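# Coordinate analysis (summary)
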Amino acid sequence: MKFTQENSGILHQFTKRGNSFEEYTNYYNYQFSSSNILSSNLHSSFSVQKSSALSSNNSTANTIVSKNNTNFTAQTIAITPAQPDLTVQNVEFSDSTSVGSTIELDYQVKNQGTENAFSSYTLFYLSKDKNVSDDDIYLGSDYVDSIAAGAYSSESTTLKINNGIAAGSYYLLYQADGNGDLIESNENNNIFAKSISINLIKTDLIVKNASVPSSLSVGESFKISYQIKNQGVGNAFPSSTMFYLSKDKIVSNDDLYLGSNEVESIAAGAYSSQTSSLSIVKNITAGSYYLLCKADGYNNVIETNESNNVFAKAISVKNSFNSTNGYGLVNAAAAVARALGQATFADVSNLGGNNWGADLIKAPEVWAKGYTGQGITVAVVDSGVDRNHQDLSANIWKNSKEIAGNDKDDDGNGYIDDVYGWNFVSNNNNTLDKNGHGTHVAGTIAGIKNNFGVTGIAYNAKIMPVKVLGDDGSGSDSAIAKGIRYAADNGANVINLSLGKEQPNINIQSAIQYASSKGAIVVMAAGNASQSTPYYPAIYASYWGLAVGAVDKYGNMADLSNLAGSDLINYVTAPGVDVYSTLPGNKYGFSTGTSTANPHVAGVVALMLSANQGLTEAEVRKIVTQTAANSFTA
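Residues numbered from 1 in each chain as written. Predicted model: local features only at pLDDT ≥ 70, side-chain atom pairs only at ≥ 80, totals over all residues. Heavy atoms only, no water.

## Here we look at the overall build of the chain
Put simply, the rule reads: Note on conventions: DSSP H or I runs of at least 4 residues are helices, E runs of at least 2 residues are strands, and numbering of each starts at the N terminus. With a 1.4 Å probe rolled over the protein chains alone, any residue whose accessible area is under 20% of its type maximum counts as buried; one over 50% counts as exposed, and the rest are partly exposed. Whether two residues are in contact is decided by their heavy atoms, any of which lying within 4.5 Å being enough.
When helices and strands are counted, the chain shows 9 helices and 31 strands. Counting all 634 residues of the chain, 48% fall into the buried class. When contacts within the chain are restricted to residue pairs at least 6 apart in sequence, long-range pairs at least 24 apart make up 70% of them.

## Regarding the sheet that holds strand β26 (residues 494-497)
Put simply, the test is: Should DSSP find at least two bridges between two strands, the strands are regarded as paired.
Read across the open sheet, the 7 strands follow the order β24-β25-β23-β26-β27-β28-β29; overall the sheet is parallel. Because the sheet does not close on itself, it has two edges, and the strands there are β24 (422-423) and β29 (571-575). Two strands pair when backbone bridges link them, and β24 and strand β25 (residues 462-467) are joined in this way by 2 bridges, in the parallel orientation. What sits directly across from Asn423, in β25, is Lys467.

## A look at the nonpolar core
Under the convention used in this document: For the purposes of this section, nonpolar cores are sets of buried Ala, Val, Leu, Ile, Met, Phe, Trp, Tyr and Cys residues that join through side-chain atoms within 4.5 Å.
The biggest cluster of nonpolar side chains holds 120 residues, and the ones touching the most others in it are Leu245, Ile280 and Ile495. Considering every element that reaches this core, the biggest residue donor is helix α8 (residues 594-611), with 10 residues. Val99, Ile103, Leu172 and Tyr174 belong to the second-largest nonpolar core, a separate cluster that totals 25 residues.

## Some points on helix α9 (residues 617-626)
Of all 10 residues that make up α9, 7 are buried, and the element is covered over most of its length. Every buried residue belonging to α9 is among Glu617, Val620, Arg621, Ile623, Val624, Thr625 and Gln626, and all of these are buried. Summarising the contacts, the buried residues of α9 are in contact with α2 (332-339), α7 (506-517), β27 (521-525), β28 (546-551), β29 and α8.

## Focus on the packing of aromatic side chains
Selection criterion: In this analysis, rings of Phe, Tyr and Trp, with Trp reduced to its six-membered ring, are considered paired at centre separations within 6.5 Å, and the interplanar angle assigns stacked below 30 degrees, edge-to-face beyond 60, and tilted for intermediate values. Cation placement over rings: the criterion is NZ of Lys or CZ of Arg within 6 Å of the ring centroid and within 35° of the ring normal.
Summed over the entire model, instances satisfying the criterion amount to 20 aromatic pairs. Between Phe124 and Tyr174, the ring centres sit 5.1 Å apart and the planes meet at 75°, which makes this aromatic pair edge-to-face. Taken as a pair, Phe124 in strand β10 (residues 120-127) and Tyr174 in strand β13 (residues 168-175) lie far apart in primary sequence, 50 residues in all. The residues Phe124 and Tyr174 share a single accessibility class, namely buried. Following the ring pairs from residue to residue traces out a cluster consisting of Phe93, Tyr107, Phe124, Tyr174 and Phe192. Above the face of the Phe93 ring, Lys194 is positioned so that its terminal group lies 4.6 Å from the ring centre.

## Some points on the packing of α2 against α8
What counts here: In this analysis, axes come from line fits to C-alpha atoms, helices being fitted only over the stretch in contact, and the angle between any two N-to-C directions falls in the range 0 to 180 degrees. Throughout, the term roughly parallel applies to angles under 35 degrees, roughly antiparallel to angles over 145, roughly perpendicular to angles from 65 to 115, and oblique to all others. Two helices that cross are described as forming a left-handed crossing if the nearer one is turned anticlockwise from the farther one by less than a right angle, and a right-handed crossing if clockwise. Amino acids are sorted into nonpolar (Ala, Val, Leu, Ile, Met, Phe, Trp, Tyr, Cys and Pro), charged (Asp, Glu, Lys and Arg) and polar (every other residue, Gly among them).
α8 packs onto α2 with a crossing angle of 25° between their chain directions and a minimal axis gap of 9 Å. The angle between α2 and α8 falls in the class roughly parallel. The crossing of α2 and α8 is right-handed. In this structure, α2 uses Ala332, Ala335, Val336 and Ala339 to contact α8, whose residues at the interface are Val604, Leu607, Met608 and Ala611. Taken together, the residues that form the contact of α2 with α8 break down as 8 nonpolar, no polar and no charged.

See below:
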């Protein structure tokens, strides 16, 4: 320590900061340690007074020594650095609220310190006491801008009392500078606590006046009309009604979930009328069930009574889908009649001979009513078509927007001179068939009715040749996908795919989905591997188009045909054993397989559309399956 005398008087001053002492130069240049001062004989009297402020970690201790004649007095004082100090004041909010509701908070954050406070956050908790701890329920935060020393900031925020919070008595805690971003002169005065009561919303949702069909069919959609009533005394927040098929009146994990329906908020004592469209999309056993309607299906509304939410109605379920033959043999007469909103057409005499396939699916009954496929285009996506065949030439589709032989893309569809379709194998306009597969398919669909050869199922429809298979009968996934899209883009109403394989392909799947979205009905052969499920792409009939298996003239499944499988799929059967049809070069021949069954169904769809072109893709699939042999009753 240094001892200093200034002017004529003698002022003795020493200051301690940390572990060192400030140095001062005095007139006498006397230098002592603190122990020297206390024991010096120069002073007749010396006393020291120490301030309690020396104990503060935030203070700077200064000791002032003064001389009055021969008496010295030393006094230690505390100098506190300028710091902010945030507190919460003037809090306003309702002292009672409900689970699931929101509360509005108005309050002030005051900086009662001596230094400006930087921006901070106020944090909010629900607590069983007045202290913030890990057991508290965090509700949210509110940003607070910088506050000058001595000033305050008025704040407003909204907090949600989540549904999971238990009802009861709490303290709502406001914690100024909740994240501890500021160094304050007092860190112990940041929390404001006010009691609040959390109540249950007294709602009670029930299902009333439900109208449900007494009989349902697997795979078919149905509508249910009902009311959700809030018979409680508090408003109900939005909820969902959930639907199940059950063997009893209680919702359990064994039930078949059918779907849900969103329900808006309902005032106390009010109700909401609802209608929902549902379907049974799983292949379940026919029999007696209960259709369950559960109000507040997800249990996101807290109710006074959670045990009265389920409405149960006894129903019978029919299932005409079979894992072997799907929905059974296609029925042209029933399907076209249903497309017209009529009962099935009366039987007519069989044609006999090589036309047994048309007889088996009741096509002549449709012809008798004047529906022969007129105005409908069926794309044969295959090995090409012999457009010069005597039984086909009059029914070959022609691209009227294209000028033949001018080497120009007149219609702007990306293909030059595609007058008779396109060849995606060689990338040219030669769609003639050397393999014979596509020509045989085309004759079954639209062979001309001319008293010789073969008569097609839709004998006045047009055939669009799309060549995707080479002369050896094989083709690439890319060519097939492009062919499907070409057919859909160029006006095909029906697309026949008598092809397939075991492995899926995303490009073909996407193309089928695309064609279906444009209203084209894609008909797909199930495959000839005697498998328990269809090949691709026929298996996509769960979502788009139709899958077709083969039967013989007696309606029995062909041994080679892939079956429908256990999962619900739009699968029907058609004649596919020793089917007589056209071959290249004005020839005819027999063929067996799902490839020959498939064009029978494509022809039936063409007949349906010629009778009612307003049918959607989904409506066609529904009618074909609902009128097939396993489900149709005349």
